[in-house]
Amino acid sequence: MSGTRIAISLTGIEHLTGGIGGVLDFARAADAAGADQLTVSEHVAMGREIAGYPYGRYPSTVDADWYEPVALLSAVAAVTARARLSTGILIAPLRPAVLLAKQLATLDHLASGRLEIGLGTGWQKAEYDGCGVAFEGRTSLLDEQVRAMRALWTSAPAHFAGRHVAFDGLYSLPFPCQPGGVPIWFGLAPGPRNLSRIVEHGAGWAPWFGLPSGDPTRDVPRTLALERIAEGRARIHAALVERGRDPASFAIRVMPEPAMGAQGFDLAATLAGAGDYVAAGATHLEFAPGLFCRDSSELANALADILALRG
């Protein structure tokens, strides 16, 4: 799969390595080994109710560890040199737009221009309630946040007038290292409204279909996920062409569904089927080594096997 880029998820590594120090050690090793992108996921907080999880059975527990992505990636930036840094995804509406713009600009400097942030809206109302943010209208808030951040990343003073976000004559310096601001990847389904957001502001699309739980009545079938990737790619590329953008510069990051084996998730079988996701349109394949390892001693071999996929 020459040309396919490999993203390594750091989420869950702490359970194998004994804490955040081990996450940073693994990030350093993945960077040195040639990973193209390092990703983290998030929840700011979790409520007890998980019935609204839209991707089948919730694959974890409500009391699982979740490190704050901007803080964690700041530390990752300090111990890595080449891999791009991203999220899958950061729940942007839970944060004030002006503050988030400053955080991401600072992180881009810490990473020497290696940040490409993945944004989305999340799914749990309790998380929004706890942060004092309205759950309804969260996607329109995300839209304004992106526009407001672009203004703050490219103009000083900056001006923005929206229903949720508004400011006039603000200076937010320094701008990000990358001209025009931090590239944004969207973790949104490409429906008509989201499609407009994706092609206007997006550098990439990062769909998520959940992890297999063993319940065929609730899991997204692999064949359906592949169809949705191919359909989403076709719709996004057509819309990019209409806007005068080159689809070849647009990224699509997908986590191949982990294959089930006798002792849990099977890495070899997962890698064997990864080419189907590239054929469907993925430019980046994301893998979470923590899903396939029983302890930290297996991480190095898992990482090597994943990166060998590029040939």
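Our subject in this report is the structure included herewith. Computed from a prediction, not measured in an experiment: that's the story for all the values here. (Residues numbered from 1 in each chain as written. Predicted model: local features only at pLDDT ≥ 70, side-chain atom pairs only at ≥ 80, totals over all residues. Heavy atoms only, no water.)

**Re the pattern of salt bridges**
Tallied over the entire structure, the rule returns twelve salt bridges. Here arginine 28 makes a salt bridge to aspartate 25, at a shortest N to O gap of 3.0 Å. You can see arginine 28 and its partner aspartate 25 sitting in helix H2 (residues 20-33), three residues apart, about one turn around the helix. Since its relative accessible area comes to 47%, aspartate 25 is described here as partly exposed. (Salt bridge = Lys/Arg side-chain N within 4 Å of Asp/Glu carboxyl O. Helix = DSSP H or I, 4+ residues; strand = E, 2+ residues; numbered from the N terminus. Buried < 20%, exposed > 50% of the residue type's maximum accessible area, 1.4 Å probe, protein only.)

**A word on the nonpolar core**
Leu38, Val76, Leu104 and Leu119 are the most contacted members of the largest nonpolar core, which totals 85 residues. Every residue in contact with leucine 38, bar those within four places of it in the chain, is listed here: Ile8, Leu10, Ala27, Ala30, Val76, Thr80, Ala83, Arg84, Leu85 and Ser86. (Core = buried A, V, L, I, M, F, W, Y, C linked by side-chain atoms within 4.5 Å. Contact = heavy atoms within 4.5 Å.)

**Overview of the environment of alanine 251**
In this fold, alanine 251 is placed in strand E10 (residues 251-254). Once you skip the residues sitting within four places of it in the chain, alanine 251 turns out to touch Trp185, Ala203, Gly204, Trp205, Thr283 and His284.

**Concerning the pairing of E10**
Residue alternation in E10 divides its side chains into two sets, Ala251 and Arg253 and Ile252 and Val254, and both sets are buried. Note that strand E9 (residues 202-205) and E10 share two bridges and pair parallel. Paired with glycine 204 across the strands is alanine 251, a residue of E10. Bridging between E10 and strand E13 (residues 284-287) involves two bridges; their strand directions are parallel. Pairing of arginine 253 across the sheet is with histidine 284, part of E13. (Pairing = 2+ DSSP bridges.)

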